[in-house]
Amino acid sequence: MSRVWLIFILFHCNAALSQSAAASFFELSGPEKYWVITHFIKAKKAFKITEEVLRKTDSVGKTDLLDADMNGGQLDAFKHSYWIAHLTTGIGKKAALRLGEAHEKGNYRDFKNSKKEDGTVPDKMASEMDLQNNMAGARLASSALFETDQELIQAIANGN
């Protein structure tokens, strides 16, 4: 049985996982799919966290807190730091950083195939910047200095 079918069966057998999560799985890059397979229990929580982070990033992008550039701008940096900070508190630092690395490996494959992410082809500099923002998010979450989400958002926006 192929891995894809095995994953498909696992997702459909897990009643707690939504249809949108199962559909989203097939949109992931190879490295991200591998992360899901090897972190199946954490993947469900990571999916929910990621959905919430994307909604919050969209909200922040509509304010004047940061520029609205999702491709290498302040909002893109915010998204990565905020995502990994929430993943760190939700699934652990190591798993969060590994998911961030898997995402960037997928972006590298897209770069090699000239495939666009958010309207542009990801490059090495963007990937390195994203990985640094991921580390910043993990450090912020690990510091446990923030009692509210708004304090975390402000810290990230201020470059802390």
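Our subject is the structure listed above.
Rules used throughout
- As a convention, each chain's residues are numbered from 1 in the sequence order in which they are written.
- Where totals are concerned, whole chains, interfaces and linings use all residues; where local detail is concerned, this predicted model gives features only for residues with pLDDT of at least 70, and gives and counts side-chain atom pairs only at 80 or more.
- Hydrogens and water molecules were not included; the side-chain quantities draw on all heavy atoms of the structure.
- Orientation is described by lines fitted to C-alpha atoms, with helices fitted over the stretch in contact, and by angles between N-to-C directions that extend from 0 to 180 degrees.
- Going along the chain from the N terminus, every DSSP run of H or I of four or more residues is numbered as a helix, and every run of E of two or more is numbered as a strand.
- Should an angle fall under 35 degrees it is taken as roughly parallel, and over 145 as roughly antiparallel, whereas 65 to 115 is taken as roughly perpendicular and any remaining angle as oblique.
- Each crossing gets its hand from how the near helix is turned against the far one by less than a right angle, where anticlockwise is left-handed and clockwise is right-handed.
- In this analysis, two residues are considered to be in contact whenever any of their non-hydrogen atoms come within 4.5 Å of each other.
- A 1.4 Å probe rolled over the protein chains alone gives each residue an accessible area, and that area as a share of the maximum for its type sets the label: buried under 20%, exposed over 50%, partly exposed in between.
- For patches, a residue must show more than 30% relative accessible area and have no salt bridge; joins then use 9 Å for like charges and 5 Å for nonpolar side chains, namely Val, Leu, Ile, Met, Phe, Trp and Tyr.
- Residue exposure ignores everything except the shown protein chains as possible cover, and the areas themselves are Shrake-Rupley values with a 1.4 Å probe.
- The salt bridge criterion pairs a side-chain nitrogen of Lys or Arg with a carboxyl oxygen of Asp or Glu, the two atoms within 4 Å.
- Counting rule for charge: Lys and Arg are taken as positive, Asp and Glu as negative, and neither His nor the chain ends is counted.
- Charge positions are represented by NZ for Lys, CZ for Arg, CG for Asp and CD for Glu.

Peer 1: Looking at this structure, I do not really get the packing of helix H5 (residues 74-91) against helix H6 (residues 93-112). What am I missing?
Peer 2: When two helices pack together, their arrangement is captured by the angle between the axes and the distance separating the axes. Between H5 and H6, the shortest axis-to-axis distance is 7 Å and the interhelical angle comes to 140°. What the angle tells us is that H5 and H6 run oblique. Where H5 crosses over H6, the handedness of that crossing is right-handed. Contact residues: His80, Trp83, Ile84, Leu87, Thr88 and Ile91 in H5; Lys93, Ala95, Ala96, Leu97, Leu99, Gly100, His103 and Glu104 in H6.

Peer 1: Just checking my understanding: could you explain the environment of Glu104 for this structure?
Peer 2: Turning to its location among the elements, Glu104 is positioned in helix H6. The buried category is assigned to Glu104, whose relative accessible area is 4%. Placed 26 residues apart in sequence, Glu104 and Asp130 show a C-alpha to C-alpha distance of 7.8 Å. Filtering out sequence-adjacent residues up to four positions away, Glu104 remains in contact with His80, Ser127, Asp130 and Leu131.

Peer 1: Teacher, can you tell me more about a positive patch on the surface here?
Peer 2: Judged by side-chain charge, Lys42, Lys94, Arg98, Lys105, Arg109 and Lys112 come together as a positively charged surface patch. Ranked by residue count, the leading element in the positive patch is H6, at 5 residues. Mapped onto the secondary structure, Lys105 falls in helix H6. According to the relative accessible area criterion, Lys105 is exposed, its value standing at 52%.

Take it as geometry only, folks, not as evidence of what the structure does.
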